[in-house]
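Breakdown of the fold
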Amino acid sequence: MRKIVIGAAAVATLLAAWFAPDQDGGVVGPAAATTREAAPASAAPAQVAPATPPADTAAATVPGADGIDLQIHPRVADDEMGNVFAKQSWAPETPKKIMMDQAQAQQAAQQASAPAGPPALPFQFMGRFTDEGKTAYFLQVDGQNVVAHPGEKVNDSYLLDSVSGNTMNFVYLPLNQKQTLVVGDTN
């Protein structure tokens, strides 16, 4: 149905263009082909002065054909033109945006001044299981359940060094720094 409507609209447009009235109110037919007459042989071709590059960076004026002066400007470097697609507005910046920029600057300054150390432990203790004297510890890392034993590598960045009482001792391998996780009393 939609194709029929579009086709009918196209046909109506073509008919309206074909039978459009001219300025006198009469109907205009299709355009007739015309030929242009050649210029008289006695007319000399227009003389154009060759463009010479300007000696300095200022605009230079070069005389052109028929007494028209052409202005030649030096090319502007792309980095001097700026961003033509940048958002432009007459409205002043909102205080919220200004405050966010200040908060981001403060946060960056704090991060730069903070000593580099291991990140917080990404583990959540889920429980433990002892079978024949061997204890396995169940941890959750980024939504995945992991079974860890003392002396084993966990999550490619941590080593479960030891477990004593209710604390688990991890070593952050990239910096070789120890971290502890208090697991509390479990049943």
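Further up the page is the structure itself.
Here the structure is a predicted model, which is why all the values come from computation and not from measurement.

Conventions used here
- Position numbers for residues start from 1 in each chain and track the written sequence from start to end.
- Where totals are concerned, whole chains, interfaces and linings use all residues; where local detail is concerned, this predicted model gives features only for residues with pLDDT of at least 70, and gives and counts side-chain atom pairs only at 80 or more.
- Just so you know, side-chain values use all the structure's heavy atoms and leave hydrogens and water out.
- The nonpolar core is taken to be a set of buried Ala, Val, Leu, Ile, Met, Phe, Trp, Tyr and Cys residues, with the residues joined through side-chain atoms within 4.5 Å.
- Summary of the burial criterion: residues with accessible area below 20% of their type's maximum are buried, those above 50% are exposed, and those between are partly exposed, where the area comes from a 1.4 Å probe applied to protein chains only.
- Any two residues having at least one pair of non-hydrogen atoms within 4.5 Å are treated as being in contact.
- Think of it this way: a Phe, Tyr or Trp ring, Trp meaning its six-membered ring, pairs with another when their centres are within 6.5 Å, and the plane angle makes it stacked under 30 degrees, edge-to-face over 60, tilted otherwise.
- Secondary structure is summarised from DSSP: a helix means a run of H or I of at least four residues, a strand means a run of E of at least two, and numbering begins at the N terminus for each.
- Here, strands pair whenever DSSP counts at least two bridges between them.

**Considering the nonpolar core**
- Within the largest apolar cluster, 15 residues are counted, with the highest numbers of intra-cluster contacts made by F123, F125, L139, L160, M168, F170 and L181.
- In this view, L181 contacts L121, F123, F125, N166, T167, M168 and F170; residues no more than four positions away in its chain are not counted.

**Focus on the packing of aromatic side chains**
- Tallied over the full model, the rule gives 4 aromatic pairs.
- When the ring of F123 is compared with that of F170, the centres are 4.7 Å apart and the planes differ by 20°; the resulting orientation is stacked. Of the two residues, F123 is situated in strand 3 (residues 123–131) and F170 in strand 8 (residues 167–172); the sequence distance between them amounts to 47 residues. When sorted by exposure, F123 lands in the same class as F170, which is buried.
- With a centroid separation of 5.2 Å and 50° between ring planes, the pair formed by Y158 and Y172 is classed as tilted. One end of the pair, Y158, is in strand 7 (residues 158–164); the other, Y172, is in strand 8, and 14 residues separate them in sequence.
- Overall, Y158 belongs to the buried group, its relative accessible area being 3%.

**What to know about the pairing of strand 3**
- Looking at chain direction, strand 3 and strand 4 (residues 134–141) are connected through 8 bridges and run antiparallel. Looking at strand 4, one finds that F123 is bridged to V141.
- Counting the residues between successive antiparallel strands, the hairpin from strand 3 to strand 4 contains 2 residues, one of them, E132, with a positive phi of roughly 50°.

**Concerning the sheet that holds strand 8**
- One open sheet accounts for 4 strands, arranged 6-7-8-9; its pairing is antiparallel. Only two strands of the sheet have a single partner each, and these edge strands are strand 6 (153–154) and strand 9 (177–182).
- Inspection of the sheet shows strand 7 paired to strand 8 by 6 bridges, in the antiparallel sense. When the sheet's bridge partners are listed, Y158 is paired in strand 8 with Y172.

**Some words on the environment of Y172**
- Since its relative accessible area comes to 15%, Y172 is described here as buried.
- Separated by 51 residues in the primary sequence, Y172 and L121 have C-alpha atoms spaced 8.9 Å apart.
- Those residues within four positions of Y172 in sequence are excluded, and the remaining contacts are P118, P119, S157, Y158, Q177 and Q179.

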